[in-house]
Amino acid sequence: MANFYTDTPQFRHYLQHPLMRRIVELRERNYADRKTYDYAPMDFEDAMDSYDRVLEVVGEICGDIIEPNAEEVDHTGPAVSDGRVTYAAPTQENLDALNKAELMGMGLARRYGGLNFPMVPYMMSADIVSRADASFQNIWMLQDCGETIYEFADQEQKDKYLPRVVRGETMSMDLTEPDAGSDLQAVMLKAAYNAEEGQWYLNGVKRFITNGDADIHLVLARSEEGTKDARGLSMFIYDKKNGGVDVRRIENKMGIKGAPTCELVFRNAKAELVGSRRMGLIKYVMSLMNGARLGIMAQSVGLSEAATREACNYAVERRQFGKAIIEFPPVYEMLANMRARTDASRTLLYETCRFVDMYKTLEDIGRERKLTPEERTEMKHYSRLADAFTPLGKGMSSEYANQNTYDAIQIHGGSGYMKDYKCERLYRDARITNIYEGTTQLQVVAAIRHVTTGTYLQQIREYAAMPVAPELEALKRVLSDMAGMYEKLVEAVTAPKDDDYLDFHARRLVESAAHVIMGHLLLQDADKNQELFRRSAEVYIRYGQTEVLKNYSFVTESRVEDLAYYRPVFSE
Amino acid sequence: MNYLMEVTFNIIVLAKQVPDTRNVGKDAMKTDGTVNRAALPAIFNPEDLNAMEQALGIKDRFPGSTITVLTMGPGRAAEILREGLFRGANDGILLTDRAFAGADTLATSYALSMAIRKIGEFDVIISGRQAIDGDTAQVGPQVAEKLGVPQITYAENIEKIGNGKITVKRRLENGVEVVECPLPAVVTVNGSARACRPRNAKLLLKYKHARTTTERQTEDVEYSDIYSNCPYLNLREWSVADVEADPVQCGLSGSPTKVKKIENVVFQAKESRRLTDNDVEIEDLMKELIDSHTIG
């Protein structure tokens, strides 16, 4: 009887963001689909009502089916035999429930059978599913590979594969190999073209492939013989119906145990080229990864939400020294920080989703007609913001998911260390979020150019120009101080013009920007709904201020020469 | 030309809107001992949802089959029809009339049977075993009697349907039994049957504006023009006259059940017995409780 959507009023708050009207109007092309599809909305209000109703169904399935199944999924996990993967029975039950509810292909266009949901409500589903079972979110979220087919494949491929995704066929993105992890330029899986048959064949090995026995795979492979870098890589679709790919083993992981992580062997597997040769990594994987990073952000937020609730419930029930432990300041401080970090990650998630929605929808309209110069400017603006906010959000929210699940165990005390409590699973599940789809360190690499080129600062100024209620002015002044410190930090780190020095401090700069940005977003939320967000805004901005001060003091005391103390010493 | 005749079934699901008595708060009962309906959320009777799922199971197997949800109640019971449509019903009918009010199980089953006669041909009628407000479990069987068709109660699963027969697994007190009977028939479904599937997103969006005529007249309906363009959004409402029922047999006048007394029963542990942790003593108490039908 639990509903993970309606019990979290933050979702409805974010659905009501003023930018949603523009997003939905663009996405629905003036509601033209209504003529053809009986489930298409008639206007903006009708569309919003549809998101709300569908999310309510997602929330119900998550509360009644997926969450109650999560423990058994974690214990049983998938199995592999004769090269094929079988999900744990409750994982399959989850998939069946979502399929019967026709919740697959949520973001895809209606002409392929999708619901045509913008990123905002789509990622809300991912957020809710993750709170119920993070491992299941991996399998479910991979439907997002359909987005890459939609953007880059030809019409015939779209017509062939997208309706199958909507009908519930699962997907995987086969990128990583034993010697190509963070560095995907090193991918070796061989794609060879047989000119006589007009057919591509794949041979080689992929490793750490989530949901590797999926029905439809996107595969990054080396199509240009003799090349060694990114420019020799292309993207392919492998259809399981054709055969040629076997699962050699599944990994025994620390967490997200319900999602099979596979080692795949490609033996003359027939494949179809997607888009243009040589663009595999440079263009398509970059786009795919950005979508996937947004998914991990949602996964992190869902995990944070689950951890915060678990910890809070336990602290209310657990009595020591004659009272509930939540009444002790060190415990309630932890809980308040957990709630603040969860809300901060979530507000950043939906801000990023809005940016992605704006530029992707305009880009999609650009495929149908020529965009006006204003629309082109708008698209570029939001594309840049999405590019800046995605790594920032993925990095911060995944680190917070770790911290929140860690604190959830701490609040449980000795019990939390036992396998009997859910917080233990959340902790293990969260641990991958700051590693896969690019480690936090790599998110910093992607984000740092937006520190140096001023994307973040410019956006911070936009936020600073937004008015807030008088009682929130004090917090706004703190944010203004923090922004001032951030500017000085950037100046101090970039002044020596030393790349190593910049890389050394990069994370401190990116995180400082993130604290100011999340503080502003929470402040705006609190301005609209004090009851829901005031506490988190107060707590988070205090926390962020301390973090920025810490970074400020470290950076201003540091010199380029200090790196010598950190550099490894190799004695030969 | 269709060489293979598609096998399909006409299914009627009887469903009731009930106050949610599962999470009863302090103000659930009025001081006079009647149910305070305003204080309780109105929900789809849980076992009727099990019935709905059984109907949908038949439709899954025989896709051309049709499901009509029939409910009797006040205007707001139209919500039950929408909930049915969101899950895969083809159609819904609200049996509503002031003259139906105050009906006991006899008057209810009379009204329902008249409505079913008006619907016409059917292969199977499926309903929940009982409703959580009255807990009588009489309406399904009475409908079968009035229509002169066989009935299978306490159904847990419809195992097979076809060739004019239906095979049903029944949940009994101490086990299960599988029975077969000719169609048409009435099947009442037990709460132990599989849970109803969630609402389907596309059907939810398709039917969310479905309204009865009364709802359209009394509510502030935003999209008035869609009802002429989309006939499936018009929910049917039938009155006593529509189903050609005898008004005397309906509602209060058709209800021989008279409430003699209503009592608030408060469970109190008046008698307590202390046992030691000895297995024999515990076993003896278990036997005693089973013998006295306190449990089991």
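It should be emphasised that the depicted structure is a prediction, and the values quoted were computed from it without experimental measurement. (Residues numbered from 1 in each chain as written. Chains lettered and ligands numbered in written order. Predicted model: local features only at pLDDT ≥ 70, side-chain atom pairs only at ≥ 80, totals over all residues.)

For the rest of this paragraph, the subject is the overall build of chain A. When you go through chain A residue by residue, the secondary structure sums to 18 helices and eleven strands. Taking 2.2 N^0.38 as the reference for a compact globule, 572 residues should give roughly 25 Å; the C-alpha atoms of chain A span a radius of gyration of 24 Å, in line with that estimate. Principal-axis analysis of the C-alpha atoms places the extent of chain A at approximately 70 × 60 × 55 Å. (Helix = DSSP H or I, 4+ residues; strand = E, 2+ residues; numbered from the N terminus. Rg over C-alpha atoms; globule rule 2.2 N^0.38 Å.)

So, about the overall build of chain B. Scanning chain B from terminus to terminus reveals eight helices and twelve strands. Taken along its principal axes, the extent of the C-alpha atoms in chain B is 75 × 50 × 40 Å. Burial status across chain B gives 39% buried among its 296 residues. Pairs at least 24 apart in sequence give 69% of the contacts found in chain B among residues at least 6 apart. (Buried ≥ 20, exposed ≤ 12 C-beta atoms within 10 Å, placed from the backbone. Contact = placed C-beta atoms within 7 Å.)

Turning our attention to the sheet that holds strand β9 (residues 175–182) of chain B. Residue and element names in this part refer to chain B. With mixed pairing, the ten strands of this open sheet are ordered in space as β9-β8-β7-β10-β6-β1-β4-β5-β12-β11. Looking along the sheet, the strands with just one partner apiece sit at the ends: β9 and β11 (211–212). As defined by bridge partners, strand β5 (residues 91–95) adjoins strand β12 (residues 234–238) across three bridges and the pair is classed as parallel. Across the sheet, Leu94 pairs through a bridge with Glu237, a residue of β12. (Pairing = 2+ DSSP bridges.)

Glancing now at the domain arrangement of chain A. Taken domain by domain, chain A consists of domain 1 (171–281) and domain 2 (440–561). A C-alpha centroid distance of 39 Å is found between domain 1 of chain A and domain 2 of chain A. (Domains from an automatic or database assignment.)

Moving on, we come to the packing of helix α2 (residues 19–27) of chain A against helix α10 (residues 329–368) of chain A. Residues and elements named next belong to chain A. Running from N to C, α2 and α10 cross one another at 25°; their axes reach a closest spacing of 9 Å. If you check the angle between α2 and α10, you find them roughly parallel. The chirality of how α2 crosses α10 is left-handed. When α2 is examined against α10, the residues Leu19, Ile23, Leu26 and Arg27 are found in contact with a partner set consisting of Arg354, Asp357, Met358, Thr361, Leu362 and Ile365. (Axes fitted to C-alpha atoms, helices over the stretch in contact; angles between N-to-C directions. Parallel < 35°, antiparallel > 145°, perpendicular 65-115°, else oblique. Left-handed = near helix turned anticlockwise from the far one by under 90°.)

This part covers the nonpolar core. Membership of the largest hydrophobic core comes to 236 residues, with the highest contact counts inside it found for Phe236(A), Val13(B) and Ala111(B). Ranked by the residues each element gives to this core, the list is headed by helix α9 (residues 280–317) of chain A, at 17 residues. Each of domain 1 (171–281) and domain 2 (440–561) of chain A accounts for three or more of the residues forming this core. Among residues more than four places away in sequence, those in contact with Phe236(A) are Ala191(A), Trp200(A), Leu202(A), Val219(A), Ala221(A), Ala271(A), Glu272(A), Leu273(A) and Val274(A). (Core = buried A, V, L, I, M, F, W, Y, C linked by C-beta atoms within 7 Å.)

Bringing the pairing of strand β4 (residues 190–194) of chain A into the picture now. Successive side chains on a regular strand alternate, one facing one side of the sheet and the next facing the other. Strand direction decides the pairing type here: β4(A) and strand β5 (residues 199–210) of chain A, joined by five bridges, are antiparallel. In the strand pairing of β5(A), Tyr193(A) is matched with Trp200(A).

Attention shifts here to the interface of chain A and chain B. Contacts between chain A and chain B engage 15 residues on the former and twelve residues on the latter. Among the elements that make up the side of chain A that touches chain B, the one with the highest residue count is helix α3 (residues 44–76) of chain A (six residues). For the side of chain A that touches chain B, the class distribution of residues is nine nonpolar, one polar and five charged. (Nonpolar A, V, L, I, M, F, W, Y, C, P; charged D, E, K, R; others polar.)

The pLDDT averaged across chain B works out to 88; a share of 93% of its residues lies at or above 70. Reported confidence for the predicted complex is 0.93 by ipTM and 0.92 by pTM. (pLDDT = per-residue confidence, 0-100.)

Glancing now at the environment of Gly454(A). All names here are of chain A. Within the secondary structure, Gly454 is located in the loop between α13 (440–452) and α14 (455–464). Classification of Gly454 by C-beta neighbours within 10 Å gives partly exposed; the count is 13. Note: C-alpha distance between Gly454 and Asp500 (46 residues apart in sequence) is 20 Å.

All names here are of chain A. Two elements, β5 and strand β9 (residues 261–274), share eight bridges in a ladder whose sense is antiparallel. Paired with Thr210 across the strands is Thr261, a residue of β9. Here strand β7 (residues 233–239) pairs with β9 via three bridges, running antiparallel. The partner of Phe236 across the bridge, within β9, is Leu273. In this structure, strand β8 (residues 245–250) lies alongside β9, joined through five bridges in antiparallel fashion. Its bridge partner lying in β9, Val247 is registered against Leu264.

Maximum bend of α3(A): about 45°, positioned at Ala70(A). Positive phi appears at Gly77(A), one or two residues downstream of α3(A), with a value of about 65°. (Bend = angle between axes of the 7 residues up to and from the residue.)

Let's shift gears to helix α8 (residues 155–166) of chain A. Every α-helical turn comprises 3.6 residues, leaving residues that sit three or four positions apart pointing alike. Residue and element names in this part refer to chain A. Between its first and last C-alpha, α8 extends 16 Å over twelve residues, near the 16 Å set by a 1.5 Å rise per residue. Those residues of α8 lying buried are Tyr161, Leu162, Arg164, Val165 and Val166. Two residues or fewer after α8 comes Gly168, characterised by a positive phi angle close to 105°. (Expected span 1.5 Å × (residues − 1).)

The next point concerns the packing of α3(A) against helix α5 (residues 119–132) of chain A. All names here are of chain A. It is at 8 Å that the axes of α3 and α5 come closest, and there the two elements cross at 20°. Taken together, the axes of α3 and α5 are roughly parallel relative to one another. For the element pair α3 and α5, the recorded crossing hand is right-handed. The residues of α5 that touch α3, namely those facing Tyr51, Leu55, Val58, Gly59, Cys62, Ile66, Glu67 and Ala70, are Pro121, Met124, Ser125, Ile128, Val129, Arg131 and Ala132.

What follows deals with unusual backbone geometry. The omega torsion of the bond from Leu183(B) to Pro184(B) falls at -5°, within 30 degrees of zero and hence cis. Of note, Pro184(B) is situated in the loop between β9 and β10 (185–189). Positive phi outside glycine occurs at Asn211(A), with the angle close to 55°. Looking at the element boundaries, Asn211(A) is found in the loop between β5 and β6 (216–222). For Glu244(B), which is not glycine, the phi dihedral falls at a positive 55°. Note on placement: Glu244(B) falls in the loop between β12 and α8 (279–291).

Below, the discussion takes up the environment of Ile67(B). Residues and elements named next belong to chain B. Looking at the element boundaries, Ile67 is found in strand β4 (residues 66–72). Spatially, the C-alpha atoms of Ile67 and Ser239 are 21 Å apart, while their sequence positions differ by 172 residues. Discounting chain neighbours no more than four positions away, the residues touching Ile67 are Ile11, Val13, Ala55, Lys59, Gly88, Ala89 and Asn90.

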